[in-house]
Structures are given as structure tokens and as C-alpha cells.
Amino acid sequence: MNLYTTKFFTYKNNSLYCEEIELNKLTKEYGTPVYVYSKNSIIENYNRFVKAFEGLNFRVFYAAKSNYNLNVIRILNKLGSGIDVNSQGEFFRAKKAGVADKDLIFTGVGKTLDEIKLAVSSNVLMIKAESLSEVIKINREAGKIGKIAPVALRINPEVDAQTHPHITTAVSGSKFGITFSEALVIYGNASKYPHINFCGIDIHIGSQITTPDPFITAVSVMKDFLLKVLQLGIKIEHFDIGGGFGIEYKPEDNSKFEEIAALLVPLLKSLDCEIIFEPGRFITANAGVLLSEIIYRKRSGDKEIIMLDAGTTELIRPAFYGSYHHIQPLNLDESQPDIVVDITGPICESSDYFAKERTIQSTIEEETLAIMCAGSYASVMSSNYNGRRRPPEIIIDKNKVYVSRSRETFEHLLYDEKIIKEL
Ligand code: LLP
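In this text, all values refer to a predicted model and were calculated from it rather than measured experimentally.

Visitor: Which residues make up the packing of aromatic side chains, and what values do they have?
Guide: For the structure shown, the criterion picks out 19 aromatic pairs. Here Phe 49 and Phe 245 contribute two aromatic rings whose centre-to-centre distance is 5.3 Å and whose plane-to-plane angle is 80 degrees, an arrangement assigned as edge-to-face. You can see Phe 49 sitting in helix α2 (residues 39–52) and its partner Phe 245 sitting in the loop between β11 (238–242) and α9 (257–269), a full 196 residues away along the chain. By relative accessible area, Phe 245 is classed as buried at 3%. Ring geometry for Tyr 187 against Phe 198: centres 5.6 Å apart, planes inclined by 75 degrees, an arrangement best described as edge-to-face.

Here it is as C-alpha cells:
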């Protein structure tokens, strides 16, 4: 079988390590399923991102939605990254992690009134607005407290990100953002919104984008649009290109990230604004794994099935988007043949699969498998369905192990739920 290894997830003596920690030993202590993140992999991904855009006037605002573990946010903020928060809950997490308001961007596809009140009363760098109604509400709420809110209109540039339809956001008719024509009307009427400073402009065209074209097209289209906005007397200080930079999920994938960045730098420079990036997946995806024990091996018809103790409750991406995650044993045993199996979870759903017809080294019950690239959109999308407890999140820094979040208890599942005698 092919192996997916990185500088921070490597096999030594046929045993998988995260940095200097042997994962087999870790699971003996903390059980499975468990998420394990490599601190130095997060740092390296962040530095790689920053290096690729060297020479550009830019800032990174890590998209917390991809992995908002408090310590992940903190590690990135300490490196100099701002944080893009998508809700009141993510704002709360970022503040708990010690992030200053000025290092936050308040995103949110459909912000509640409470979220707008929170955003305008804070001192975040920018609040995104995704509709005329939202502009009106932000202006009204800022006015009530005598503030001028820094706002970035999120534009739908109508560029197909050429990725999975569930993670494409900028096609015509999408619920995300504001059309060009409506945005021009809002900018033209800027004087109607005295409590708003239209200092930014924002796009986010989709996620797991692995080719330059969608980004190039989007920025080119936005460049023309910015000229029109300038003609209306609006000076845009920040151009926020969003996130979306794809990663290698398969061992044989070849990242074009540096190539994409090199093509984008001159184009972005010509916009004459501070550029903001909101990468999520690029920073955390390959810095995390989900470790899960094989609880059963069985046959069904002509299928060989490996059933894990993790399921779609811990990693929904394969079921949701048909996403590929490489799966490999913690212990390599070259004497074992490769077999073709379906890898499933224990959840009562037919879509509870991690992989179908996957070639993997034959591995017995009670051995543990590593599901790779589970640092983004894994724990944050987990659920308690089937009465399951969320797994621990462990962060490794060289030879040190930190439990950032413990496994939920059964009591957590009952949070504030009580027997009502009258019922
Ligand atoms: N900025 C905005 C406004 C976003 O909506 C997103 C992601 C990002 C930044 C970060 O995008 P990234 O760099 O991670 O691609 N659950 C899906 C991905 C959903 C992305 C949602 N928005 C998945 O597991 O593939």
C-alpha cells in the first residue's frame, strides 16, 4: 500500500510517529478514537504560506472554522496570524484563546442580530456584510452605540472554483455574498450609512482549490470592480481574498501551491490594497490525524469490511463530500499482504464510510489505523449522533504530549437536560 507521510508524521521502525511521539503508545494511554495534531506541522504550514506571498503587503487571518481548538488558535495567533471567526461561538473561542479584537475578522453568512451587536461593539478589524439588509442592520446597530463600523462587503464574483459543488461558493445564484450590481448600489449610497466605513472588500470562492485559474480569474474580475468602486469615491484599504488553498490528500498528489502564489503575487500587488488571506485547510489539515481502532473485520457478500470505532460522527467528510482521506496502519508489517476493503464506522447510517474498495495492508482487529489529514473540518464537524462522545484532541510538540481537550463524558451528553416529573 501507499503511505502518506510528512515531515511530522513519519514511520520509524515500522511504527507511525507524530513528531517524536509513537502513536501506538499514545493510543494505549488515551484510547481511540482520538485526534492528534502536530504543533510544528501547523507552524511549518503557516510559515510556508507566508513565505509564498513574500513581497506582498498582506496579513493572514486563519479561518477558525477549519479547526478552532483553543490551542490551535493560540499557536497561530502567537505566530502573528489574525483569526477569521464565523460566528459568536468562534468569536468566544478566539477571545478565550487570547486573541485581540484588532486581530479578528467577523465573518458570518447569516449573522444574527446578537452577532451584529457583538461585532459592532467590539474593535475587530472588519465585519463582513453579505447583503443589503445586513448593511442596514450594521449601520443601525453601530449608530445606536455611536460607532463607525469597519465593513467589508462580501462580493460574489461568480467564478466557478472547480472543486466539489458542496464547497463552491461563488457561482451565480449562490447564497453567499452580494452581486456586483447590488454592491455598486450600496457603495453609491454610502452616505446613507454614516455609521459604516466601507474599508474592505471580500471574496471567498470555495475550498480545496488546487489550480491557479479560479483564483486568477476572481482577482482579475475584482480588479476591474475595484476601479468602479474607486470611481464612486470609496477607498478600499483591505482586499480579502478568503481561503480555499487546497492540500494534498493522496500520497501521489502534487501541490501547486507555490505556483498559484507566484501567479497571484503580481496581480494582487497591482490592487494597491492590503491583502488579507483566510486559509484554514492549508494550515491545519495535514497537521492532524484521527486514530481509530479496528473493532470488527467481517465479510458481506463479496466485500471485506473493516469497521472502525470512529465514524462519520468524528469525520464526516467522506460521507458528506465523497472526500478521500488516506488510511494506514500505525504498525507496518511487510509480511502482511495488501487487501481491498471497505472501511466503515459503527454509526447506524449507510453513508458511514471512510473508504470503499481501498487497498490497505491486511490488519487485524484491535490494531489502530490512522486517518490522515484530519486536522481540518474533522473535530469541528463532529457530532454526538448515536449518543457518542466527542474524542480528545491532543497536541504534540516534539516529545511532549498535551491534552488540549479531553474525551467528552456521558454527563456532557446530558448537559442541562433534566427529567421533568410532570411529563
Ligand atoms: N474564509 C471563508 C469566508 C470561508 O467560508 C472559508 C471556508 C475559509 C475562509 C477557509 O477555507 P479553506 O482555506 O479552509 O478552504 N467543510 C468543508 C470545507 C468548507 C469550507 C467553508 N468555508 C470541507 O470539509 O471540505
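Visitor: Provide a residue-level description of the environment of Ile 148, including the pertinent values.
Guide: Relative to the elements of secondary structure, Ile 148 occurs in the loop between α6 (132–144) and β9 (149–154). In this structure Ile 148 comes out as exposed when scored by relative accessible area, which is 57%. Here the alpha-carbon distance between Ile 148 and Gly 89, two residues 59 residues apart in the chain, equals 24 Å. Aside from chain neighbours lying at most four places away, what touches Ile 148 is Pro 194, His 195, Ile 196 and Asn 197.

Visitor: An account of α9 is needed here, citing residue identities and associated values.
Guide: End to end, α9 covers 18 Å across 13 residues, agreeing with the expected 18 Å (1.5 Å per residue, within 8%). Among the residues making up α9, those that are buried are Phe 257, Ile 260, Ala 261, Leu 264, Val 265, Leu 267 and Leu 268.

Visitor: Quick one: what's the story with the site of the ligand, residue by residue and with numbers?
Guide: Around the ligand, 19 residues are found, and the nearest of them are Ser 207, Glu 278, Arg 317, Tyr 321 and Tyr 377. Backbone polar atom of Gly 280 to an oxygen atom of the ligand: 2.9 Å apart, as the coordinates give it. Within the side chain of Tyr 377, an N or O atom sits 2.6 Å from an oxygen atom of the ligand. About the coverage of the ligand: the protein hides 91% of its 590 Å² of free accessible area. Split into classes, the residues belonging to the shell around the ligand amount to 6 nonpolar, 6 polar and 7 charged. The residues that make up the shell around the ligand include at least three from each of domain 1 (9–38 + 285–414) and domain 2 (107–279).

Visitor: Can you lay out the pairing of strand β13 (residues 288–300) for me, pointing to particular residues and giving the numbers?
Guide: Pairing of strand β4 (residues 34–38) with β13, which is carried by 4 bridges, proceeds in the antiparallel orientation. The residue bridging Val 34 from the neighbouring strand is Leu 291, located in β13. One ladder, built from 4 bridges, connects β13 with strand β18 (residues 368–371); its direction is antiparallel. Residue pairing for β18: Ser 292 is matched across the bridge by Leu 369. Relative to strand β14 (residues 303–308), β13 is paired through 6 bridges, and the arrangement is antiparallel. Following the sheet pairing, Tyr 296 is matched in β14 by Met 307. Taking the residues that link successive antiparallel strands as the turn, the β13-β14 hairpin has 2 residues, and the phi of Gly 301 there is positive, at about 60 degrees.

Visitor: Outline the side chain of Asp 84, supporting the account with residue identities and numerical values.
Guide: Tracing the backbone shows Asp 84 in strand β6 (residues 82–85). The buried category is assigned to Asp 84, whose relative accessible area is 1%. Non-local contacts of Asp 84, meaning those with residues more than four positions away in its chain, are made with Phe 61, Tyr 62, Ala 63, Ala 64, Lys 65, Glu 90, Ile 105, Thr 107, Lys 128 and Glu 278.

Visitor: Outline the sheet that holds strand β3 (residues 21–22), supporting the account with residue identities and numerical values.
Guide: Spatially, the 3 strands line up as an open sheet ordered β1-β2-β3, and their pairing is antiparallel. With one partner strand each, in any of the chains shown, β1 (9–12) and β3 form the two edges of the open sheet. Of the pairings in the sheet, the one linking β1 to strand β2 (residues 15–18) comprises 4 bridges and is antiparallel in character. Across the sheet, residue Phe 9 finds its bridge partner in β2, namely Cys 18.

Visitor: Describe the pattern of salt bridges, listing the residues and the values that go with them.
Guide: Applying the stated rule across the entire model yields 24 salt bridges. A cluster of three or more residues bridged by salt bridges with shared partners is formed by Lys 65, Asp 84, Lys 128, Asp 202, Asp 240 and Glu 278.

Visitor: Give me the packing of helix α8 (residues 212–231) against α9: which residues, what numbers.
Guide: Interhelical geometry of α8 versus α9 gives an angle of 10 degrees and a closest axis separation of 10 Å. The angle between the axes of α8 and α9 places the two elements in the roughly parallel class. In contact with Pro 212, Phe 215, Ile 216, Val 219 and Ser 220 of α8, α9 contributes Glu 259, Ile 260, Leu 263, Leu 264, Leu 267 and Leu 268. Here the contact of α8 with α9 is composed, by residue class, of 9 nonpolar, 1 polar and 1 charged.

The rules we used
Residues numbered from 1 in each chain as written. Predicted model: local features only at pLDDT ≥ 70, side-chain atom pairs only at ≥ 80, totals over all residues. Heavy atoms only, no water. Phe/Tyr/Trp six-rings, centres within 6.5 Å; stacked < 30°, edge-to-face > 60°. Helix = DSSP H or I, 4+ residues; strand = E, 2+ residues; numbered from the N terminus. Buried < 20%, exposed > 50% of the residue type's maximum accessible area, 1.4 Å probe, protein only. Contact = heavy atoms within 4.5 Å. Expected span 1.5 Å × (residues − 1). Near = heavy atom within 4 Å. Polar contact = N/O pair within 3.5 Å; in protein donor to acceptor, adjacent residues only side chain to side chain. Areas by Shrake-Rupley, 256 points an atom, 1.4 Å probe, with all protein chains shown as cover. Nonpolar A, V, L, I, M, F, W, Y, C, P; charged D, E, K, R; others polar. Domains from an automatic or database assignment. Pairing = 2+ DSSP bridges. Salt bridge = Lys/Arg side-chain N within 4 Å of Asp/Glu carboxyl O. Axes fitted to C-alpha atoms, helices over the stretch in contact; angles between N-to-C directions. Parallel < 35°, antiparallel > 145°, perpendicular 65-115°, else oblique.

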